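Breakdown of the fold
If you want the building blocks of each chain, they are given just below.
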Amino acid sequence: MKINVTDQAGDVHELEGLEGWRVMEVIRDWGLNIKAECGGALSCATCHCYVAPEWLDAVGAPSDEEEDMLDSVGDVKSNSRLSCQILCSDALDGLSLTLAPSAAKDF
Amino acid sequence: MSTEITTDVVVIGAGPCGLFAAFELGLLDIKCHFIDILDRQGGQCAELYPEKPIYDIPGFPVVTGQQLTDNLMAQIAPFSPEFHFSRMVNSIEKLEDGSFKLQTDADETFFAKVVVIAAGGGSFQPKRPPVPGIEEFENTSVFYAVRKMEDFRGQDVVIVGGGDSALDWTLNLQPIVRTLTLVHRRDAFKAAPASVNKMKELVADGKVNFQLGQIAKLDGEDGQINHVHLTTEAGDLSIPATRLLPFFGLTMKLGPVADWGLELNDNTIVVDTEKFETSVPGIFAIGDINYYPGKLKLILSGFHEAALMAQAAKAIISPGERVVFQYTTSSTKLQKKLGVA
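Computed from a prediction, not measured in an experiment: that's the story for all the values here. (Residues numbered from 1 in each chain as written. Chains lettered and ligands numbered in written order. Predicted model: local features only at pLDDT ≥ 70, side-chain atom pairs only at ≥ 80, totals over all residues.)

Turning our attention to the packing of helix α1 (residues 16-27) of chain B against helix α6 (residues 299-317) of chain B. Residues and elements named next belong to chain B. Following both chains from N to C, one finds α1 and α6 inclined at 35°, their axes separated by 8 Å at the closest point. Crossing geometry of α1 relative to α6 is assigned as right-handed. Counting all contacts with α1, which are made through P16, C17, F20, A21, E24 and L25, the residues of α6 involved are I299, G302, F303, E305, A306, A307, M309, A310 and A313. Here the residues of the contact of α1 with α6 sort into twelve nonpolar, one polar and two charged. (Axes fitted to C-alpha atoms, helices over the stretch in contact; angles between N-to-C directions. Helix = DSSP H or I, 4+ residues; strand = E, 2+ residues; numbered from the N terminus. Left-handed = near helix turned anticlockwise from the far one by under 90°. Contact = placed C-beta atoms within 7 Å. Nonpolar A, V, L, I, M, F, W, Y, C, P; charged D, E, K, R; others polar.)

Written out as structure tokens, the structure is:
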């Protein structure tokens, strides 16, 4: 499966995602500008992304705990998600998302 | 009044790898002092995920961040390391005799023969809201903590956030400020329910203004804000304000480490894989903060690094002394140090 990630600079990257990986892990593995400081433990919000509107239904709504973590960033939108909470699967082949400013390593 | 402390080793960072370093150093009769920016030991394990299970600590099928921290504290207790919390090391200076002088932001000076940097992802610092130019207002009219409540008396205060810090300070500052606006992105709070109820009573009484939205822009000059601009579902909104308190929690930043003259690689410190020594002899780096080819940011890697670092530190602290490698299972000498023989 593939995911399309727009980074904070506006560059689009097509990344190979592996079934079962977290989208955050794929983005980090490819060396994009993502801090992901808690490593996927749903304990920070430094893998914050905006899911493309057409993919929102397929990705699903954030959990309560994820909503709580999103309180710790100031650039939340209606399509905000934490990329560590999205699992790669065939159903998400072609998923398109944009990294939030607050996910940057030096933010 | 400044304090001076002289010791063998200063460990910067009291996370799991730093704590285990006290064990390995202790077995070699080396005394250490910890300095950490947090107010307790455990580092990320305590700050980010105290209740989260960890599955890859050897010998523990599952352990939480807090349990691991507690166990490490019990393990190093025989060596009585000393802890200095809620402070940051600002500078390290190498003295002529090869030892080090460290200065903290709490006006202390440490003298140590060896420095071990076990600072993980750096120091935990308040998260900045994504507002352009916010830096120029910081510490004059934008604050990330309340140190002196008097600084807020009679002011028009805007507090941003939905957690305990935001709610607690809303309740504590309300009686002394001129106006208080609490801004949060949604009508749900992560704070203690009692605080939330109390805040809602103050809103109902007209004593606190609650505004749904996110902070977008600041107006002001010479470090003094005068308006906070918000993005809300009903459109943009401007609130007169003389003080802003954003509470978005903590994030890790490399901080002063970047200025200590150590060779870096993408916000990590380059070390060798024999001693885990940095480009400055006598300064070691272990755990998530170091870099070498093949580095894995795992707690277990940090434990290994701590053991090898301790051997090298011993050679610096007790030059010429022959170190006999021993096991805790069989050495009565080590067992005596651990208080079990």
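Glancing now at the nonpolar core. All names here are of chain B. With 112 residues, the main nonpolar core has A21, V115, V116 and I117 as its most contacted residues. Top contributing element to this core by residue count: α1, with eight residues. Structurally, this core is a two-domain feature, drawing no fewer than three residues from each of domain 1 (3-124 + 251-337) and domain 2 (128-248). Those residues within four positions of V115 in sequence are excluded, and the remaining contacts are V10, I12, I92, F100, L102, G282 and I283. (Core = buried A, V, L, I, M, F, W, Y, C linked by C-beta atoms within 7 Å. Buried ≥ 20, exposed ≤ 12 C-beta atoms within 10 Å, placed from the backbone. Domains from an automatic or database assignment.)

Let us look at the UniProt feature "binding site: FAD" (unreviewed entry) in chain B. UniProt records the feature "binding site: FAD" (unreviewed entry) at B:C17, B:D36, B:Q44, B:Y49, B:V89, B:F124, B:D288 and B:T329, using the numbering of this structure. Spanning 313 residues, the named residues do not form one spatial group; their C-alpha atoms are separated by as much as 37.8 Å. One can find B:Y49 in the loop between α2 (44-47) and β3 (53-54). Look past the residues within four positions of B:Y49 in its chain and what remains in contact with it is A:C38, A:A41, A:S43 and B:G65. Look at B:D288 and you get buried, because 28 C-beta atoms sit within 10 Å. Discounting residues that sit within four places of it in the chain, B:D288 has contacts with B:G120, B:G121 and B:K297. (UniProt positions renumbered as here; feature names shortened; annotations may be inferred.)

Moving on, we get to the UniProt feature "domain: FAD/NAD(P)-binding" (unreviewed entry) in chain B. Here, the residues flagged by UniProt with the feature "domain: FAD/NAD(P)-binding" (unreviewed entry) are residues 8-293 of chain B. For residues 8-293 of chain B, helix accounts for 17% and strand for 34%, while the C-alpha atoms at its two ends are 29 Å apart.

Turning to helix α4 (residues 164-173) of chain B, a few remarks are in order. Among all positions of α4(B), only B:S165, B:A166, B:L167, B:W169, B:T170 and B:L173 are buried. In the core, the buried residues of α4(B) are packed alongside β10 (156-160), β11 (179-184), α5 (193-204) and β16 (243-246) of chain B.

Quick look at the sheet that holds β11(B) now. All names here are of chain B. Across the sheet, which stays open at both edges, the four strands sit in the order β12-β11-β10-β16 with parallel pairing between neighbours. Looking along the sheet, the strands with just one partner apiece sit at the ends: β12 (209-212) and β16. When the angles between neighbouring strand axes are averaged without regard to direction, this sheet yields 20°. Relative to β12, β11 is paired through four bridges, and the arrangement is parallel. Looking across to β12, one finds that L182 is bridged to F210. (Pairing = 2+ DSSP bridges.)

Once the domains are mapped, chain B shows domain 1 (3-124 + 251-337) and domain 2 (128-248). A straight line from the C-alpha centre of domain 1 of chain B to that of domain 2 of chain B covers 38 Å.

Residue and element names in this part refer to chain B. Checked against the element boundaries, F110 lands in strand β8 (residues 108-117). With 103 residues separating them along the chain, F110 and T7 place their C-alpha atoms 7.5 Å apart. For F110, the contacting residues outside a window of four places in its chain are I5, T7, V10, H33 and L102.

Quick look at the interface of chain A and chain B now. Tallying the contact residues gives 15 residues for chain A and 18 residues for chain B. Looking at the side of chain A that touches chain B residue by residue, the class counts come to six nonpolar, five polar and four charged.

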